[in-house]
Every structure is written in structure tokens, then in C-alpha cells.
Amino acid sequence: MASGYNVAVVGATGAVGMEMIETLDKRNFPVKSIRLLASSRSVGKKLKFKGEQLPVEELTDKSFKGIDIALFSAGASRSKEFAAAAVADGAVVIDNSSAFRMDPEIPLVVPEVNPQDVKKHKGIIANPNCSTIIMVVAVYPLHKAKKLVRLVAATYQAASGAGAKAMTELEEQSRFLLGGKPLVKPEVLPQRIAFNLFPHIDAFLENGYTKEEMKMLNEGRKIMHHPTLRVSCTCVRVPVMRAHSEALNLEFEEEVTPEEARKILSQAPGVELKDDPANKLYPMPIDASGKYDCIVGRIRQDCSRDDKKGLDIFVSGDQLLKGAALNAVQIAEIL
Ligand code: NAP
Ligand code: 12T
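The paragraphs below set out a description of the structure included in this document.

Calculation rules
- Residues numbered from 1 in each chain as written.
- Chains lettered and ligands numbered in written order.
- Predicted model: local features only at pLDDT ≥ 70, side-chain atom pairs only at ≥ 80, totals over all residues.
- Heavy atoms only, no water.
- Pairing = 2+ DSSP bridges.
- Helix = DSSP H or I, 4+ residues; strand = E, 2+ residues; numbered from the N terminus.
- Axes fitted to C-alpha atoms, helices over the stretch in contact; angles between N-to-C directions.
- Contact = heavy atoms within 4.5 Å.
- Left-handed = near helix turned anticlockwise from the far one by under 90°.
- Polar contact = N/O pair within 3.5 Å; in protein donor to acceptor, adjacent residues only side chain to side chain.
- Near = heavy atom within 4 Å.
- Areas by Shrake-Rupley, 256 points an atom, 1.4 Å probe, with all protein chains shown as cover.
- Salt bridge = Lys/Arg side-chain N within 4 Å of Asp/Glu carboxyl O.
- Buried < 20%, exposed > 50% of the residue type's maximum accessible area, 1.4 Å probe, protein only.
- Nonpolar A, V, L, I, M, F, W, Y, C, P; charged D, E, K, R; others polar.
- Core = buried A, V, L, I, M, F, W, Y, C linked by side-chain atoms within 4.5 Å.

A look at the sheet that holds strand β12 (residues 294-301)
Consideration 1: With mixed pairing, the six strands of this open sheet are ordered in space as β9-β8-β10-β13-β12-β11. The open sheet terminates on both sides in strands that have one partner only, identified here as β9 (230-237) and β11 (271-273). This sheet shows a mean twist of 20 degrees between the axes of neighbouring strands, independent of strand direction.
Consideration 2: Bridge count between strand β8 (residues 148-157) and strand β10 (residues 244-252): eight bridges; the pairing is antiparallel. Paired with Leu151 across the two strands is Leu250, which belongs to β10.
Consideration 3: Seen against the sheet, helix α3 (residues 130-146) touches β8, β10, β11, β12 and β13 (310-317) and runs at an angle of roughly 30 degrees to β10.

Written out as C-alpha cells, the structure reads:
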């Protein structure tokens, strides 16, 4: 029998699930068998893995017999409903949803930041929110060297962050607008996205922030083991198909120059430094799309301060890869 792991992909037909299947293949993860799970709507569909067409099966609590690793990306309610069944059948669950991230018993892992936390798992490991992963990949190396105190972020999040149907919405709206056809009402995103943007990702909370914005604070603190980090954030959806970008204003306990920051980031895992504005080199989502590394650039001293304890940086990262599928497969590799 071939050696390796029996893997299940839950939400295999989704934007993240499809990337998971491809990432397992591309990184030559030792897959002995793979089970592709989705809703009853997808039964009859086939998806390709290593050149072979495999049937999509309906997710039930009997789907996990013999499974070693279950990669979940079918939304938080499916994770809450089915992760326990997978663990009971002996699988380790790597969960992409928000269901378990802030549970103190469950590790929340970005392999470039806190790989050691994987060991503490009791069956479930949570994959952080996509914008948070991209933020910590860029910020943690600077924090390690100079002690981050406060962070103010604005995000520019791609349509694919809201799933496969949101990508279709951006494409169709753009086509309709360019063709002079009347627009149909958006169904997945809360507003028109074509030739527009809106500061509304996930649900609004009592404090005026969105859930997505509070994930940057709460998950950022947990991943970096930095419970006193202060974060404020505005999350914005932009008409980009793929890859999130973030403008980050950083305040450190110690002084740091842009030169030092470039040196640190040039050696940081998962980071591609691209910071040569004179030659029009800076991060952009079209360049980050399809890449494993997050691109960091536009590094400069915060000119609103009298000291050298502030930096501004810009980062673009593929949220379907580093923000989801790649991060999950990297966790499986650590296991
Ligand atoms: P998506 O494209 O809408 O895909 C959703 C997947 O879940 C599909 O495979 C769908 O199957 C499946 N599903 C839905 N309802 C189901 C049910 N009742 N039973 C079984 N399967 C069901 O969404 P996505 O963007 O891939 O996101 C999936 C998860 O990953 C979410 O929890 C999201 O928060 C998280 N995430 C997404 C991103 C991102 O950048 N998109 C990043 C990080 C985390 P059918 O095709 O059969 O409906
Ligand atoms: N609402 O994994 O709509 O917590 O872009 C990821 C993406 C939640 C998450 C989005 C979201 C998550 C979105």
C-alpha cells in the first residue's frame, strides 16, 4: 500500500477547497488517499487531483472513517457541526473557519510565527483569518526585533475573500456595466463591487467595528503571543479578484529605521521584499496572486512622529493561498 496520509477536504468545491487540493498536489504532500466533501448540491461533480478525476461526496458525520487529516473550509456552522465527528474518528482537523479560533484550548497557527503551538492540539488546529495571516507574516519579524506596541491598519480585500460566488459577482457586474446592461441586485456581497469599494466585511458589532476588523486585533494577539498589542483597523472590500492588501502603520517600543526594517524583512520567512518605488516596485495584488510569499514594500518612517519609533508599510498576499489553503497545508506538514 502507498505510504502517506488519508486526507479529507471539507468544502472541496469552494474557493479555498479548490486551492487546498491544488496545494496538496503542488507541495507533494504525502497523500495516500483523498476524500472530497461538500454539500448535497455538489454530489455528481468531479474534481481533479494529481491528474485523476475524483467524485465529490456529501459531507455527513460518517465521512471521516479512516481519515488522518481533515482540512475544513465549508463555513463556521459546518465546522461546529462536523469537526467533533472527525476528531472522534481519529482525524486531526485543520479548520479554516472562524468557529474555533479564539477558543483558548485550540491552537491558532501561522507556521512562520508560532509553529510550536501546533503541538498543543487536542484534535483541532485553527487557521487564522486571511487578513490576519497576511498582517502577521509581515509584522511579526519586526515585532521580534523591535517590540510592536500598536498597529493601525486599512485593508483592501479581494472579492474572492468572500468565496467563489463573490468572484462571479464581480465578474458579472463588470461585464454588465461595460456592456451597458442594467445591474442585478448583489446577492453575496452587501453592495455593488464593480467599480466601487465598501468598508463592510463580515457583520457589524456594537462598538462600530466589523467582526473582520476585530479578528485582526484578537487573532493577531493570540498568534503573536502579544496580549497587550493595540490594534485599530478598517476593512474594505475592493474590486480586485484575488489577493488582499493592507496599509499598516506600526509603532514600536524601540527605534527602527526603514533600512533596518528592510534588512529584517529581507530575511523573514514567507516574505518577499519589494521596495524600490523609484523603479515602480512595490506590492500589488496582481503580483501577489498565485504566490506563496506575501510581498512587503513602501517601507518608510512614520512622518507624523518626532521619534523613530514608527513605520508605515504596505503588504499584498494571496489570501486563498497564504491566507487559507497554503497555511493549512503548512500546518499539516508540521503535523
Ligand atoms: P465558498 O467558495 O463559498 O465555498 C464554500 C464551500 O463550503 C463549498 O465547497 C460548499 O459546497 C461548502 N458547503 C457549504 N454549505 C455546506 C453544507 N451544508 N455541507 C457541506 N458543505 C457545504 O467559500 P470559501 O471562500 O472557500 O470559504 C470557505 C471557508 O473558508 C469559510 O469558513 C471562510 O470563512 C473561510 N476562509 C475563506 C477565505 C477566503 O479567502 N475565501 C480565507 C480564509 C478563510 P457546495 O459547493 O456543495 O455548496
Ligand atoms: N467574512 O475566515 O468575507 O473569518 O472576506 C474570511 C473572509 C470571514 C474568515 C470575507 C469573512 C473570513 C471573509
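Considerations on the packing of α3 against helix α6 (residues 258-266)
Consideration 1: The geometry of α3 relative to α6 is characterised by a closest axis approach of 9 Å and an angle of 120 degrees between their N-to-C directions. The handedness of the crossing between α3 and α6 comes out as right-handed. Counting all contacts with α3, which are made through Ala138, Pro141, Leu142, Ala145 and Lys146, the residues of α6 involved are Glu260, Ala261, Ile264 and Leu265.

A few points about the environment of Asn196
Consideration 1: Relative to the assigned elements, Asn196 resides in the loop between α4 (164-178) and α5 (211-224).
Consideration 2: Distance from Asn196 to Arg237, taken between C-alpha atoms, is 8.8 Å for residues 41 residues apart in sequence.
Consideration 3: With residues near it in sequence (within four places) discarded, Asn196 still touches Val238 and Pro239.
Consideration 4: Side-chain polar atoms of Asn196 contact the backbone oxygen of Arg192, separated by 2.8 Å.

Notes on the sheet that holds strand β2 (residues 31-38)
The strands that make up a sheet pair up through hydrogen bonds in the backbone, lying either parallel or antiparallel.
Consideration 1: If you walk across this open sheet you meet the seven strands as β3-β4-β2-β1-β5-β6-β7, and the pairing is mixed. Of all the strands in the sheet, the pair left with one neighbour each is β3 (46-49) and β7 (124-126). Recorded for the sheet is a direction-independent mean angle of 30 degrees between the axes of neighbouring strands.
Consideration 2: Pairing geometry for strand β5 (residues 69-72) and strand β6 (residues 92-95), over four bridges, is parallel.

Description of the site of ligand 1
Consideration 1: Residues in contact with ligand 1 amount to 26 residues; listed here are only the nearest, Thr13, Ser39, Arg41, Ser42 and Ala164.
Consideration 2: One of the backbone nitrogen or oxygen atoms of Gly14 is found 3.0 Å away from an oxygen atom of ligand 1.
Consideration 3: In this structure, Ser160 approaches ligand 1 through a main-chain N or O atom, which is 3.0 Å from a nitrogen atom.
Consideration 4: Protein contact buries 79% of the 900 Å² of open area that ligand 1 shows by itself.

A word on the pattern of salt bridges
Consideration 1: Tallying each qualifying case throughout the model produces 22 salt bridges.
Consideration 2: In this structure, Lys215 and Glu212 form a salt bridge, with 2.9 Å as the shortest nitrogen-oxygen distance. Of the two residues, Lys215 and Glu212 both sit in helix α5, three residues apart, roughly one turn of that helix.
Consideration 3: For Asp307, the salt bridge goes to Arg305, with nearest N and O atoms at 2.7 Å.
Consideration 4: For Arg305, a relative accessible area of 24% corresponds to the partly exposed category.

Comments concerning the site of ligand 2
Consideration 1: What surrounds ligand 2 is the set Asn96, Arg101, Asn129, Cys130, Gly161, Ala162, Ile201, Asp202, Glu212, Lys215 and Arg237.
Consideration 2: At 3.5 Å from an oxygen atom of ligand 2 is found a side-chain nitrogen or oxygen belonging to Asn129.
Consideration 3: Coverage of ligand 2 by the protein amounts to 79% of the 320 Å² it exposes when considered alone.
Consideration 4: Broken down by class, the residue content of the shell around ligand 2 amounts to three nonpolar, three polar and five charged.

Description of the pairing of β13
Consideration 1: For β13, the tally of buried residues reaches eight of eight residues, placing the bulk of the element in the interior.
Consideration 2: Residues Gly310, Asp312, Phe314 and Ser316 of β13 are buried on one face, and the alternating residues Leu311, Ile313, Val315 and Gly317, pointing to the opposite face, are buried as well.
Consideration 3: When β10 meets β13, the two strands line up antiparallel, connected through eight bridges. Across the sheet, Glu251 pairs through a bridge with Gly310, a residue of β13.
Consideration 4: Bridge analysis of β12 against β13 gives five bridges, and the strand direction is antiparallel. Each residue of the ladder has a partner; that of Arg300, found in β13, is Asp312.

As for the nonpolar core
Side chains of a nonpolar character, in soluble globular proteins, are inclined to be buried together.
Consideration 1: Within the largest apolar cluster, 56 residues are counted, with the highest numbers of intra-cluster contacts made by Phe64, Ala70, Leu151, Leu248 and Leu250.
Consideration 2: Per element, the largest residue contribution to this core is nine residues, and it comes from α3.
Consideration 3: Once residues lying within four places of it in the same chain are set aside, the contact partners of Leu248 are Met135, Val139, Leu151, Val152, Ala153, Leu311, Asp312, Ile313 and Val315.
Consideration 4: One finds Val9, Phe49, Val118 and Ala332 within the second-largest nonpolar core, a separate group that totals 31 residues.

Geometric descriptors of this kind do not, in isolation, establish any biological role.
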